[in-house]
Every structure is written in structure tokens, then in C-alpha cells.
Amino acid sequence: MTPTVGVVIPTRGDRPLRATIDGVLANRPAAVVVVVDGAPLDSVDDDRVKVLPNCLSPGLPGARNTGTAALDTDLVAFCDDDDVWLPGKLDAQVDLLRRTGAEFASCGIEVEYGSRRVTRLAGTAEITAADLTRSRMVMVHASTYVFRRGALWVDESAPAGQNEDWDLALRAAKRQPIAHVDRPLVRVRWGRSHYATRWADRISGLEWMLARHPEIADDARGAARVYGQLAFHHAALGRRKEARRFARLAFHSRHREPRAALALAVAAGLVSAPAVLSALYTRGHGI
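Bear in mind that the values here come from a model prediction, so they are computed numbers and not experimental data.

> Is there a simple way to explain the packing of aromatic side chains in this structure?
Each aromatic ring pair is described using two quantities: the centre-to-centre distance and the angle formed by the ring planes. Evaluation of the coordinates by the stated rule reveals seven aromatic pairs. Judged by centre distance (5.3 Å) and plane angle (75 degrees), the rings of F78 and F147 are edge-to-face. With F78 in strand β4 (residues 75-78) and F147 in strand β9 (residues 146-148), this pair connects stretches of sequence that are 69 residues apart. We classify F78 as buried; its relative accessible area is 1%. Taken together, the aromatic side chains of F78, F104, Y145 and F147 make up a single cluster linked through ring pairs. If you follow R64 out to its NZ or CZ, it ends over the ring of F78, 5.0 Å from the centre.

> What is the right way to read the pattern of salt bridges from this model?
Where charged atoms of side chains with opposite charge meet at close range, the side chains can pair. With the rule as written, the count across this model stands at 24 salt bridges. For the salt bridge of R15 with D82, the shortest nitrogen-to-oxygen distance reads 3.8 Å. Taken together, the residues span a long stretch of sequence, with R15 in the loop between β1 (5-11) and α1 (18-25) and D82 in the loop between β4 and β5 (83-85) at a distance of 67 residues. Overall, the relative accessible area of 9% leaves D82 in the buried class. Of the charged contacts, one joins E110 and R187 as a salt bridge, the two residues approaching to 2.6 Å between their closest N and O atoms. Taken together, the positions of E110 in strand β6 (residues 104-113) and R187 in strand β10 (residues 178-189) put the pair 77 residues apart, joining distant regions of the chain. Like E110, the residue R187 is buried in the burial classification. What you see here is one network of salt bridges that share partners, running through E110, E112, R117 and R187.

> Mind showing me how you'd approach the nonpolar core here?
Among soluble globular proteins, nonpolar side chains are generally buried collectively. Grouped together as the largest cluster of nonpolar side chains are 88 residues, with contacts concentrated most on L132, V140, Y145 and F232. A per-element tally of this core places helix α8 (residues 220-236) first, with seven residues. Not counting chain neighbours up to four residues away, the residues in contact with F232 comprise W199, L262, A263, V266, A273, V276, L277 and I287.

Here is what the cut-offs are and how they apply
Residues numbered from 1 in each chain as written. Predicted model: local features only at pLDDT ≥ 70, side-chain atom pairs only at ≥ 80, totals over all residues. Heavy atoms only, no water. Phe/Tyr/Trp six-rings, centres within 6.5 Å; stacked < 30°, edge-to-face > 60°. Helix = DSSP H or I, 4+ residues; strand = E, 2+ residues; numbered from the N terminus. Buried < 20%, exposed > 50% of the residue type's maximum accessible area, 1.4 Å probe, protein only. Lys NZ or Arg CZ within 6 Å of the ring centre and 35° of its normal. Salt bridge = Lys/Arg side-chain N within 4 Å of Asp/Glu carboxyl O. Core = buried A, V, L, I, M, F, W, Y, C linked by side-chain atoms within 4.5 Å. Contact = heavy atoms within 4.5 Å.

Structure (C-alpha cells):
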């Protein structure tokens, strides 16, 4: 028997949802729940979609868990309110879960920024905990997640909702490798995020991940990446001393860590942090 899938779309109520909902419904899930965290949402004119308020912790993790708790399907899938599922996404992932016996699946993505679209693939059909320790793996994105209902919940202690998706995927991969469909089946639309330039929150989120998953700091590439990100976020806040300190840690872990070099350029006033992000987003990459 084909397992049923319920979809959770969290929103703050300040974005148009039509494209997101249409992409989800085209994949024929058994249920769709829009969870509103914050401002009231105008009613969704589709009887296939249920709209609920976030009744757990304010923020994205609580909204995801509110939606998950409201479902009675075999599987749960997430789609952020600024992303769009492409045709065949659910069929491909559910089929892979059935064939492999895995409990968690992801897929490739198509990053849209302005008028550009860049495909990001993993180059593998299986994502391990070691992979996600070494690299955040942008294609293992919350809008790609499909997993067994009840197996995992989003951790609501994530500061300002930062890195809750990475933490969820890493915890899943520690239980069992993630089954991955390495085709672009989700369009991730960058430039609309509430999170990208909240520098202090991003620092807190990375510190939270290091505390929860200390193995990140034990992996040279993983440590260099996170220390480089911390250096960059501190530089964006004008904290040059902290930026230099984390840049040194990054270079110590990996001699040519590019994020550390970018952080030092921002700290020196050679370029602005938003300009760096924009240049990276155009290429389908983040900091």
C-alpha cells in the first residue's frame, strides 16, 4: 500500500502562498496544512487546504510541529512558504523510501535568485551524518524533507528558528542515512528569506549547533565552514575583533577556507556583507 503524505506549510502570513500551494497540490498529497505564525492569514480559497494557528512555541519550529501534530498521515513533508515543489517530487521520494526502507528523504533543488536559476545536486543517492557534519549540503533543504510521521520532531529550542532544519536532518541521518533523489524537484526562491541577514540570530544558531553536535568541530572542513560563517556574521555586525578571531580558527582548521577570507574583507570595509551574499546567491551558493 502506498503511504499517505501530509504537507506542512509554515508561514508568517505576510507572503502570497498561491504558487507554493499550487506546487504542493499538483503532487497530490493526502493532506495540506498551512500553519500561521504571527499575523492573521486571509482564508485560503481551497477546501483541500486546512489553515491553523501556531499553537506551540512562536516561530518556525513551533509552526512545523503544530502542522505535524495535526496530521494523521504515514509521512510528513515540509514546504516553506517561499518555495515551490516541481512535478513528480512526492512520487519520486515516496517510491525511494519504499524501495530503500529509509525513514527520511530529500532531493535536489533549483535555486532561484532574481532572474537566475541554478541547480544544486548532491551527487549521491544517500546522505550520511558525516556528510552533513562536513557540509550543510544546501540541497538537503527543509522544503525537500519527507519523513515518517512520529519518527522526528523539529527542536523548538533553536534560537530564532536558526538551523532547525540542519539539526533535524543531522539527527535523522544519525539514525539512518537519508534517501536522496538527486534531481531538482524543489525550486528554492532565495532573496525572500526572513533569516538571511539576521546576523546575531545566525551566530546564535551556529553556536547552538556546535553545542548540540560537537562532532562538527572535530571535522576539519565542518569546523572551518562554521568558524568562517561565524567570522562573516561578526564582521557584518562590525565586530572586527571577533571576526578576526573566528577567521583564525577557520584558517587553522582549513588553510584556504574562503568564508574566512570573505569575513576579513567585510571586516576591513572592502565590501559589504549584503553584497557578498548577493554575489553568492547569483551562483546558487550561500555563505
